[in-house]
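Chain by chain, the residues:
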Amino acid sequence: MKISNHITSTGRRRTSAAVALGAVLALTATACGDDGSGGGGDGAEGSGKGKVVFWDNNGGVRTDIWKQIIADFEKANPDIEVEYVGIPATEVQSKYDTAIQGGGLPDVGGVGAAMLAGIAAQDALEPLEGRLAKSSLNDKLNDDMVESVKVAGGSAEHMYTIPTSANNGTLYYRTDLFQKAGLDAPTTWEKFYAAAEKLTDVKKNEFGYTIRGGAGSIAQALDAMYGQSGITSFWDAGGEKTTVNDPKNVEALKKYAGLYKEYTPAADLNNDFTKMVAQWDSGTIGMLNHNLGSYQDHVKALGTDKFRGIPQPTGPGGKRVQVSNPVDGLGLFKNSKNKEAAWKFIEFAASHQANSKWNESAGAIPSNKDAAKDPWISKAEPTKLAAEALNDGSTTIVQLPYYLPDWNTISKADNEPSFQKVLLGDMSAKDFLDKMAEQLNEAQAEWKQQNG
């Protein structure tokens, strides 16, 4: 796998400008866990016993498997109790921001690459490279995932989360519908668009594709843009100007957005991944772009003989370019009163057996090198193909600038409503990308000034 980025400098961390000032949500979680000794203060290592509070950043979807892993951990560590708090993925960023400002952070929390920089910039996370070096996990974690979380955190020196999985972008397609229509697998963008058209019959409520127009739409649109354009870096050679509004990307987005309502359901305008996945599983829609995380949902709804999940289509010259390579992980919060016990839980969760169990349930790529060799990988075709695509040199990952504290605001609140305007034809692809580029270039310049 090739990772394209321009991050080389380290330095002072700026205070996040992206704290959700108006999104003060009532916390459903308790404060940091007691270390069992009664004497710990902020930053205390603690006794290594007592209670640890854990926030799951995909609560509901992954609750059952986390409870199994927690039960296994508590059996192996009877002096430690883990309090599980499941927070929906759509709410977790605001929960963290609110808790950082007002108190009540957990000891351990799920912190993926996309939100890592914003939390680290607020000095809420403990650097973990020292603990990892002394751990049984040392040299056991996927090198690319370790590099990804370092890049996402904005530091070549520190890592602020222990990677647990990679949840690659995947093109799911209905093999039964493709076979009936005499279509080849959508392995190229040309075949993708041809299938979207041929499988659509609006009068019968049959569509070739479901497009993500609601929450989370920007990352998927960027994936489609760079995949078609073949551009392999998010920034120019100097690392100052973004390539999002390169003419090739503008043309690619125009074509992609043109699918809406023509070859997709009208409801897609407001669909987040939950609604999109449910719609695909229950209807007669030919293709769906999501990630490996929804594989088990499709198996439950369709069985294994009516669909496949393959890596994203190839573009110019047969090369595959993707931006959707999100790495999830577990962070240790600085104000934990029981860091020793909290680290034990992180270590356990990323160990061979626990990491394998979690990723098999999620259909994701394990971070633990030993877990990645387990037999289930070869039986879960989308995961197997995704892992092969990342390791055989056929795929270039365009590294999104997760290190920018403003990234989440730019890629979500600031531009998701504008993308809906593009889908509706009320805003041009060029105007949309020019606006986004201006915001990104300004954020990049500010980041470089602070970290120069």
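The paragraphs below set out a description of the structure included in this document. Note that the structure is predicted; figures quoted are calculated from it, not measured.

Looking now at the packing of helix 9 (residues 247-257) against helix 18 (residues 429-451). In the contact formed by helix 9 and helix 18, the axes pass within 9 Å of each other and the chain directions differ by 125°. Classified by the angle their axes make, helix 9 and helix 18 are oblique. Here helix 9 runs over helix 18; the crossing is right-handed. Residues Asn249, Val250, Leu253 and Lys254 of helix 9 form the contact with helix 18, whose participating residues are Ala429, Lys430, Phe432 and Leu433. Of the residues in the contact of helix 9 with helix 18, the class split is five nonpolar, one polar and two charged.

On to the pairing of strand 5 (residues 162-166). Across the five residues of strand 5, five count as buried, placing the element largely inside the fold. As paired elements, strand 5 and strand 11 (residues 327-332) share four bridges and run antiparallel to each other. Paired with isoleucine 162 across the bridge in strand 11 is leucine 330. Two elements, strand 5 and strand 12 (residues 365-366), share two bridges in a ladder whose sense is antiparallel. In the strand pairing of strand 12, alanine 166 is matched with isoleucine 365.

Glancing now at the sheet that holds strand 2 (residues 50-56). Strand order in the open sheet made by the six strands is 3-2-4-11-5-12, with mixed pairing throughout. At either end of the open sheet lies a strand with only one pairing partner, and these are strand 3 (80-86) and strand 12. On the sheet, helix 12 (residues 339-349) packs against strand 2, strand 3, strand 4 (108-110), strand 5 and strand 11 and is oriented at approximately 160° with respect to strand 11. The sheet strands contacting helix 13 (residues 352-362) are strand 5 and strand 12, and the helix crosses strand 5 at an angle near 35°.

Below, the discussion takes up the packing of aromatic side chains. As enumerated under the stated definition, the model contains 25 aromatic pairs in all. Note on tryptophan 55 and tyrosine 96: the rings are 5.3 Å apart at their centroids and 25° apart in plane angle, and the pair reads as stacked. Of the two residues, tryptophan 55 is situated in strand 2 and tyrosine 96 in helix 2 (residues 92-102); the sequence distance between them amounts to 41 residues. For the pair tryptophan 55 and tyrosine 96, one class covers both residues: buried. Each ring, one from phenylalanine 73 and one from phenylalanine 348, has its centre 5.4 Å from the other, and the planes form 65°; the classification is edge-to-face. Separated by 275 residues along the polypeptide, phenylalanine 73 in helix 1 (residues 63-76) and phenylalanine 348 in helix 12 bring together distant segments of the chain. On the accessibility criterion, phenylalanine 348 (22% relative accessible area) is partly exposed. Put simply, the rings of Phe54, Trp66, Phe73, Tyr84, Phe345, Phe348 and Trp358 touch in pairs and so form one group of aromatic residues. The ring of tyrosine 193 carries lysine 255 above its face, with NZ or CZ at 4.4 Å from the centroid.

Calculation notes
- Residues numbered from 1 in each chain as written.
- Predicted model: local features only at pLDDT ≥ 70, side-chain atom pairs only at ≥ 80, totals over all residues.
- Heavy atoms only, no water.
- Axes fitted to C-alpha atoms, helices over the stretch in contact; angles between N-to-C directions.
- Helix = DSSP H or I, 4+ residues; strand = E, 2+ residues; numbered from the N terminus.
- Parallel < 35°, antiparallel > 145°, perpendicular 65-115°, else oblique.
- Left-handed = near helix turned anticlockwise from the far one by under 90°.
- Contact = heavy atoms within 4.5 Å.
- Nonpolar A, V, L, I, M, F, W, Y, C, P; charged D, E, K, R; others polar.
- Buried < 20%, exposed > 50% of the residue type's maximum accessible area, 1.4 Å probe, protein only.
- Pairing = 2+ DSSP bridges.
- Phe/Tyr/Trp six-rings, centres within 6.5 Å; stacked < 30°, edge-to-face > 60°.
- Lys NZ or Arg CZ within 6 Å of the ring centre and 35° of its normal.

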